[in-house]
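# Working through the structure, step by step
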Amino acid sequence: MRHRVIAGMLIVAIGLGIGASMTMITVIHVMTKDPAPVISGSLFYPFVNASPPGWQGAGGESFTWADASNLLDAHRADRQAAMAGGRALISPPSGRSTPFYVSGHLVTAEFFGMFETPFVKGAGWTSQEDSDHDRVVVLNGELAKKLFGSANPVGEMLHLDNADYRIVGVLSNWHPQPLFYGGLSGDYAFGEGDQFFVPLQTALDQKMRIGGGMSCWGEDKDPHKGDQCGWLQFWVRLDSPKHRAEYLQFLNSYWSNQQQHGRMQRAANARLDPLMERLQHLNLVPDDVSRQLFLAQLFLIVCLLNAVGLLLAKFLQMAPQISIRRALGAKKRDILVQLMSEAALVGVLGGALGCALTAFGLNLIRGQPDRYAQLAHLDVGMLSLTIGLAIFSSLAAAVVPAWRACQIPPALELKLQ
């Protein structure tokens, strides 16, 4: 009976520690995972700093209209696109419902091909339509279904703010998490994502609402079209190491060339940030989440220390049985394997409890107002990690108690009996 009680306490201790720790590890996992695993190795965020020396304001890594336009016109990457967040008032067709606001992105034509966005109907617009400032729009799946139901909306007109746009494509609910291309940080990098995409130059012509912030270090008649304000994001796709080296050389040459025209007076220091490094730089994980992970790991350590004590008590209580087996010829190795196997079984049961507690903890997190909270789900990979961590933790906790139990002299224990 006492062995069962101790085993139950072990399972609870390991389950609590694993549940608390894996809840926070899962949250960190969904916030830092690769949002474009197939192509992330080819996606880069260039860095050229147009702000003057000594400028301490934000926006140094955002692009001015002048620099983004120059890089687009150069066509030196395999694909490239400039972009900024936007917001528009949508008037549903045929008065099906009242107008409502949605968030989207203002992008150039190669955005869709560069990020391999999944179209279910139609396609993106062309570079010529970009140049012609055509009023076209690509919808994400949820918005298309909300506005048109199951009908094909390609070719239909949609009223955004004060103008009509022709629908040219529909995406398959494409919402990469985190929203890496938006240049956002923290909580705003997660959530529902963009519901529409319109040409950048057309949006500027129509004075569409632009989000994401702007940082200016000088005066421009039109801040959105000048070279004194950073507000755009710019991504390139480079499909080989050779192209990356050539593009980095081009960026430094561009920086030097701009200096000859009186701009970009900082020392040339161009770089290409890979997608995952860019995400790390944006520091998407809030400080409170990191602190909670640290506390959860400390709690796991405390639970494992308690498990060590419980296993030691359990194995020492088994000293008479161990001594009898040793007297009958069993080797220390055999005894050690038996005890570690029992610990592994406890780990499996503790892991099962930990999975249940993790699911419960994630459900509580999803009830929080933070945007990232809705992404907290236990997938197959994290489920396997939970079980594996539980087994590893129980085996680690059992090493010292099992070794000590194997060192008890059989003769001494039998004599005491």
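Given the structure is predicted, the values throughout are model-derived calculations rather than measurements. (Residues numbered from 1 in each chain as written. Predicted model: local features only at pLDDT ≥ 70, side-chain atom pairs only at ≥ 80, totals over all residues. Heavy atoms only, no water.)

## Here we look at the overall build of the protein chain
For the protein chain, the count of helices and strands is 13 helices and 13 strands. Buried positions account for 47% of the 417 residues belonging to the protein chain. Across the protein chain, every contact between residues at least 6 apart in sequence was considered, and the portion connecting residues at least 24 apart equals 75%. Summing over all exposed atoms, the protein chain offers an accessible surface of approximately 19900 Å²; the carbon and sulfur share of this is 57%. (Helix = DSSP H or I, 4+ residues; strand = E, 2+ residues; numbered from the N terminus. Buried < 20%, exposed > 50% of the residue type's maximum accessible area, 1.4 Å probe, protein only. Contact = heavy atoms within 4.5 Å. Areas by Shrake-Rupley, 256 points an atom, 1.4 Å probe, with all protein chains shown as cover.)

## Overview of helix 5 (residues 141-148)
Residues separated by three or four positions in an α-helix point in the same direction, a consequence of the helix having 3.6 residues per turn. Listed as buried for helix 5 are Gly 141, Leu 143, Ala 144, Leu 147 and Phe 148. Summarising the axial view, the buried residues of helix 5 lie within an arc of 165°, below the 170-degree limit, and thus occupy one face. Opposite the buried face of helix 5, at more than 90 degrees from it, the exposed residues are Lys 145 and Lys 146. Buried residues belonging to helix 5 abut strand 2 (79-91), strand 3 (100-107), strand 5 (136-139), strand 6 (157-160), strand 7 (163-171) and strand 8 (196-199). In the segment just after helix 5, Gly 149 is the residue with positive phi, at about 65°. (Arc of directions from axis to C-beta.)

## Some details on the packing of aromatic side chains
Taken as a whole and assessed by the stated rule, the structure comprises 21 aromatic pairs. Measuring from centroid to centroid gives 4.9 Å for Phe 111 and Phe 115, while their planes differ by 85°, and the two rings are edge-to-face. Separated by four residues within a single helix, Phe 111 and Phe 115 lie in helix 3 (residues 111-115), roughly one turn from each other. Note on Phe 115: relative accessible area 5%, which makes it buried. Seen in terms of ring centroids, Phe 112 and Trp 125 are 5.0 Å apart; in terms of plane orientation they differ by 85°. Their pairing is edge-to-face. Highlighted residues: Phe 112 in helix 3 and Trp 125 in the loop between strand 4 (119-122) and helix 4 (127-131), separated in sequence by 13 residues. (Phe/Tyr/Trp six-rings, centres within 6.5 Å; stacked < 30°, edge-to-face > 60°.)

## So, the state of the cysteines
A covalent bond between the sulfur atoms of two cysteines is referred to as a disulfide. Scanning the entire structure with this criterion turns up one disulfide. Put simply, Cys 216 and Cys 229 are joined by a disulfide, and their sulfur atoms are 1.9 Å apart. Its S-S torsion of approximately 110° makes the covalent link between Cys 216 and Cys 229 right-handed. With Cys 216 in strand 10 (residues 215-216) and Cys 229 in strand 11 (residues 229-230), this pair connects stretches of sequence that are 13 residues apart. On the basis of relative accessibility, which here comes to 31%, the residue Cys 216 falls in the partly exposed class. Judged by relative accessible area, which is 1%, Cys 229 ranks as buried. (Disulfide = S-S within 2.5 Å.)

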